[in-house]
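# Analysis of the macromolecular model
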Amino acid sequence: GGSALILFEEPLEFFGVLRALAVGRDTTSPTRVIVGPSFEAVDLSAPKLAGQFTLVPHDAESYFSDAPSLLAVHPSALTCGESIAMAVVRKLPSGAVFGVNATLGRLLAGAPTASGEPAPPWRARLVAWTAE
(Lines give C-alpha, C1' and ligand atoms only; values in the text may rest on other atoms or scores of the structure.)
Protein backbone atom coordinates (compact mmCIF):
# COMPACT_ATOMS: atom_id res chain seq x y z
CA GLY A 1 0.00 0.00 0.00
CA GLY A 2 0.32 3.64 -0.44
CA SER A 3 0.81 6.29 2.14
CA ALA A 4 -2.02 7.83 4.10
CA LEU A 5 -2.54 10.85 6.29
CA ILE A 6 -4.41 10.51 9.57
CA LEU A 7 -5.71 13.84 10.80
CA PHE A 8 -6.34 13.76 14.52
CA GLU A 9 -6.90 15.99 17.52
CA GLU A 10 -6.98 13.59 20.45
CA PRO A 11 -3.81 11.50 20.98
CA LEU A 12 -5.67 8.20 21.22
CA GLU A 13 -7.65 8.95 18.07
CA PHE A 14 -4.47 8.44 16.02
CA PHE A 15 -3.91 4.97 17.48
CA GLY A 16 -7.56 4.02 17.01
CA VAL A 17 -7.44 4.88 13.30
CA LEU A 18 -4.12 3.04 12.96
CA ARG A 19 -5.64 -0.06 14.50
CA ALA A 20 -8.54 0.09 12.03
CA LEU A 21 -6.08 0.41 9.14
CA ALA A 22 -4.09 -2.57 10.39
CA VAL A 23 -7.26 -4.65 10.68
CA GLY A 24 -8.15 -3.60 7.13
CA ARG A 25 -4.75 -4.81 5.93
CA ASP A 26 -5.22 -8.05 7.84
CA THR A 27 -1.78 -7.84 9.45
CA THR A 28 -1.08 -9.68 12.67
CA SER A 29 2.15 -7.85 13.48
CA PRO A 30 2.02 -4.81 15.74
CA THR A 31 2.00 -1.47 13.94
CA ARG A 32 5.38 0.22 14.33
CA VAL A 33 4.97 3.88 15.23
CA ILE A 34 7.97 6.20 14.89
CA VAL A 35 7.94 8.78 17.67
CA GLY A 36 10.05 11.85 18.32
CA PRO A 37 11.47 13.25 21.56
CA SER A 38 8.38 15.41 22.15
CA PHE A 39 6.05 12.38 22.10
CA GLU A 40 3.83 12.34 25.16
CA ALA A 41 3.04 8.84 26.34
CA VAL A 42 -0.52 7.70 25.81
CA ASP A 43 -2.27 4.84 27.56
CA LEU A 44 -2.33 2.00 25.05
CA SER A 45 -3.59 -0.57 27.54
CA ALA A 46 -7.24 -0.47 26.41
CA PRO A 47 -8.38 -3.93 25.29
CA LYS A 48 -8.67 -2.89 21.63
CA LEU A 49 -5.22 -1.29 21.63
CA ALA A 50 -3.11 -3.50 23.91
CA GLY A 51 -0.31 -5.27 22.07
CA GLN A 52 -1.17 -3.55 18.79
CA PHE A 53 1.74 -1.10 18.65
CA THR A 54 5.51 -0.97 18.90
CA LEU A 55 6.87 2.51 19.56
CA VAL A 56 10.10 3.08 17.61
CA PRO A 57 12.40 5.96 18.59
CA HIS A 58 13.09 8.45 15.79
CA ASP A 59 16.82 7.70 16.01
CA ALA A 60 16.48 3.94 15.48
CA GLU A 61 18.99 2.60 12.97
CA SER A 62 16.36 1.63 10.42
CA TYR A 63 12.59 1.45 10.18
CA PHE A 64 12.57 -1.54 7.85
CA SER A 65 11.29 -4.82 9.19
CA ASP A 66 10.80 -8.32 7.84
CA ALA A 67 7.35 -8.40 9.34
CA PRO A 68 4.67 -7.07 7.00
CA SER A 69 3.49 -4.67 9.63
CA LEU A 70 2.13 -1.20 9.12
CA LEU A 71 4.64 1.61 9.65
CA ALA A 72 3.31 4.89 11.00
CA VAL A 73 4.92 8.21 11.75
CA HIS A 74 3.72 10.16 14.76
CA PRO A 75 3.90 13.95 14.23
CA SER A 76 6.33 14.24 17.15
CA ALA A 77 8.97 12.70 14.88
CA LEU A 78 8.59 15.53 12.35
CA THR A 79 7.85 18.62 14.43
CA CYS A 80 10.69 18.59 16.92
CA GLY A 81 13.45 20.04 14.77
CA GLU A 82 14.70 20.12 11.23
CA SER A 83 17.61 17.69 11.69
CA ILE A 84 15.45 15.04 13.35
CA ALA A 85 12.71 15.39 10.73
CA MET A 86 15.21 15.09 7.87
CA ALA A 87 16.78 11.99 9.44
CA VAL A 88 13.34 10.38 9.81
CA VAL A 89 12.24 11.22 6.26
CA ARG A 90 15.48 9.82 4.79
CA LYS A 91 14.97 6.44 6.46
CA LEU A 92 11.31 5.97 5.62
CA PRO A 93 10.26 3.23 3.23
CA SER A 94 7.31 4.02 0.99
CA GLY A 95 3.84 3.24 2.22
CA ALA A 96 4.22 4.78 5.65
CA VAL A 97 1.17 6.27 7.32
CA PHE A 98 1.54 9.80 8.67
CA GLY A 99 -0.27 11.20 11.66
CA VAL A 100 -1.06 14.88 11.34
CA ASN A 101 -1.97 17.00 14.34
CA ALA A 102 -2.44 20.78 14.45
CA THR A 103 1.30 21.47 14.66
CA LEU A 104 2.25 19.32 11.68
CA GLY A 105 -0.83 20.52 9.82
CA ARG A 106 0.42 24.10 9.97
CA LEU A 107 3.82 23.03 8.61
CA LEU A 108 2.24 21.04 5.78
CA ALA A 109 0.05 24.01 4.89
CA GLY A 110 3.26 25.94 4.29
CA ALA A 111 2.93 28.16 7.33
CA PRO A 112 6.22 29.48 8.66
CA THR A 113 7.55 27.86 11.80
CA ALA A 114 7.22 29.53 15.19
CA SER A 115 10.59 31.19 14.63
CA GLY A 116 9.37 32.65 11.32
CA GLU A 117 11.42 30.24 9.21
CA PRO A 118 9.83 29.09 5.94
CA ALA A 119 8.23 25.65 5.70
CA PRO A 120 10.88 22.92 6.03
CA PRO A 121 12.35 21.27 2.92
CA TRP A 122 11.04 17.81 3.86
CA ARG A 123 7.47 19.14 3.56
CA ALA A 124 7.54 18.68 -0.23
CA ARG A 125 8.67 15.05 0.15
CA LEU A 126 5.90 14.34 2.64
CA VAL A 127 3.25 15.89 0.38
CA ALA A 128 4.59 13.86 -2.56
CA TRP A 129 4.47 10.67 -0.52
CA THR A 130 0.81 11.08 0.28
CA ALA A 131 0.06 11.66 -3.40
CA GLU A 132 1.80 8.42 -4.44
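## What about the sheet that holds strand 2 (residues 31-35)?
As summarised here, the arrangement of the five strands in space is 1-5-4-2-3, forming an open sheet in which the pairing is parallel. Each having just a single partner strand, strand 1 (4-7) and strand 3 (53-57) make up the two edges of the open sheet. Mean inter-strand twist for the sheet, computed between neighbouring axes without regard to direction, equals 25 degrees.

## Overview of helix 1 (residues 11-25)
The first and last C-alpha atoms of helix 1 sit 22 Å apart over 15 residues, in line with the 21 Å expected at 1.5 Å per residue. Along helix 1, the residues classified as buried are Phe14, Phe15, Leu18 and Ala22. Down the axis, helix 1 shows its buried residues gathered within 90 degrees of arc, on one side only. Away from the buried face of helix 1 by more than 90 degrees, exposed residues Val23 and Gly24 are located.

## A few points about the packing of aromatic side chains
Summed over the entire model, instances satisfying the criterion amount to four aromatic pairs. With a centroid separation of 5.3 Å and 70 degrees between ring planes, the pair formed by Phe14 and Phe15 is classed as edge-to-face. The exposure class of Phe14 is buried, given its relative accessible area of 0%. With 6.5 Å between their ring centres and 70 degrees between their planes, Phe15 and Phe39 make a pair best called edge-to-face. Of this pair, Phe15 sits in helix 1 while Phe39 sits in the loop between strand 2 and strand 3, placing them 24 residues apart in sequence. Each of the two residues, Phe15 as well as Phe39, counts as buried. An aromatic cluster is defined as three or more aromatic residues linked by ring pairs; in this entry it consists of Phe8, Phe14, Phe15, Phe39 and Phe53.

Procedures and definitions
Residues numbered from 1 in each chain as written. Predicted model: local features only at pLDDT ≥ 70, side-chain atom pairs only at ≥ 80, totals over all residues. Heavy atoms only, no water. Pairing = 2+ DSSP bridges. Helix = DSSP H or I, 4+ residues; strand = E, 2+ residues; numbered from the N terminus. Axes fitted to C-alpha atoms, helices over the stretch in contact; angles between N-to-C directions. Expected span 1.5 Å × (residues − 1). Buried < 20%, exposed > 50% of the residue type's maximum accessible area, 1.4 Å probe, protein only. Arc of directions from axis to C-beta. Phe/Tyr/Trp six-rings, centres within 6.5 Å; stacked < 30°, edge-to-face > 60°.

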